[in-house]
Amino acid sequence: MDVTDEKIGNIRIVKINNGTVIDHIRAGHALEVLQILGITGKEGSIVTLAMNISSSRIGRKDIVKLEDRFLENPEVARIALVAPEATINIIRDAKVVEKTRVQLPNTLTDIIDCPNPRCITNKEREPIHPKYQVVSRRPIKLKCLYCWTMVDEAEIVQQFTERQ
Ligand SMILES: [Zn+2]
C-alpha cells in the first residue's frame, strides 16, 4: 500500500515524504494525539488529520500524518494511553520504512502526574518521579506506585490536554 498518497473513500490524503503516520487511532481521539505531541499547526510543517474513516480492523478510525516529525518513546507511551490500537508508520523518502503498533508498558515513569496533592511525587523537594503501574488496559486504569491513587482515562486525557 502506498500510504503516502492514500485514497480513502472520496478523500485523498496529502502525501508526506518524511515523517510519521499515526494510523488506527480510535475514532474521535486524533485531537488528543495532536495535543499530546504539542502540535498546534503553527509549527509550519504539514499536518494532515482525518477523522471517522472506515477501518476494517477497528470500525472507525482517525489518522494523523506529520511531515518532518518523529516520535520520542514517552510520546508513544502517552499515545498508547488514548489510542491503544494505534500504529506508527515511519516514512522516509516517501516509503514506509518502519511500522509498529503502540505498546503500553506495564509501568509508566514521568508520563502522567499523580492527582493526589499529598503524594510524595508532588513534593517539590523530593526528587521522586511519578511512577504508575498499568492495572487495567480496557478500560485504562493506572495505579500510583507511591500512594496507590487510581487514575482513569478521563483524568489522563485531562492532564494531556491541560498541558498545552
Ligand atoms: Zn501518587
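Residues numbered from 1 in each chain as written. Predicted model: local features only at pLDDT ≥ 70, side-chain atom pairs only at ≥ 80, totals over all residues. Heavy atoms only, no water.

1. A closer look at the environment of V96
Defined as follows: Per the convention used, a helix needs a DSSP run of H or I reaching at least four residues, while a strand needs a run of E reaching at least two, with both numbered from the N terminus.
Along the chain, the position of V96 falls in strand β7 (residues 95-101). Note: C-alpha distance between V96 and N18 (78 residues apart in sequence) is 9.2 Å.

2. So, the sheet that holds strand β11 (residues 150-152)
The pairing of strands in a sheet comes from backbone hydrogen bonds and takes either a parallel or an antiparallel form. This is how it is decided: A pair of strands is labelled paired if DSSP reports no fewer than 2 bridges between them. Orientation is described by axes fitted as lines to C-alpha atoms, over the contacting stretch for helices, and by angles from 0 to 180 degrees between their N-to-C directions. Any pair of residues with heavy atoms lying within 4.5 Å of one another is described as a contacting pair.
Read from one edge to the other, the open sheet built from four strands follows the order β8-β9-β10-β11, with strand pairing classed as antiparallel. Strand pairing shows two members of the sheet lacking a second neighbour, β8 (107-109) and β11, which therefore form its edges. Neighbour-to-neighbour, the strand axes of this sheet turn through a mean angle of 30°, independent of strand direction. Strands β10 (140-144) and β11 of the sheet are contacted by helix α3 (residues 153-162), whose axis makes an angle of about 75° with β11.

3. Points about the domain arrangement of the protein chain
The line we're drawing: Residue ranges labeled as domains rest on an automatic or database domain assignment. Here the buried area means the combined drop in accessible surface, using a 1.4 Å probe, for two parts upon being joined, counting both sides. Any carboxyl oxygen of Asp or Glu within 4 Å of a side-chain nitrogen of Lys or Arg constitutes a salt bridge here. In the analysis that follows, any N or O atom pair within 3.5 Å is treated as a polar contact, provided that within protein one partner can donate a hydrogen and the other can accept it, and provided that, for residues neighboring in sequence, both atoms belong to side chains.
Segmenting the protein chain into domains produces domain 1 (3-101) and domain 2 (107-162). Using only C-alpha atoms to locate each centre, domain 1 and domain 2 end up separated by 26 Å. On the domain 2 side, the residues contacting the 13 residues of domain 1 number eleven residues. In this assembly, domain 1 packs against domain 2 so that about 1,000 Å² is buried in total across both faces, 65% of it on carbon and sulfur atoms. On the domain 1 side of the contact with domain 2, Q35, R78 and L81 bury the most area, a combined 52% of that side's loss. In this structure, R138 engages E85 in a salt bridge whose closest nitrogen and oxygen atoms are separated by 3.0 Å. Inspection of the domain 1/domain 2 interface yields four residue pairs in polar contact (both at pLDDT 80 or more). For the side of domain 1 that touches domain 2, the elements supplying multiple residues, two or more each, are α1 (30-36) and α2 (73-82). Among the elements that take part in the side of domain 1 that touches domain 2, α2 stands out by supplying five residues, more than any other.

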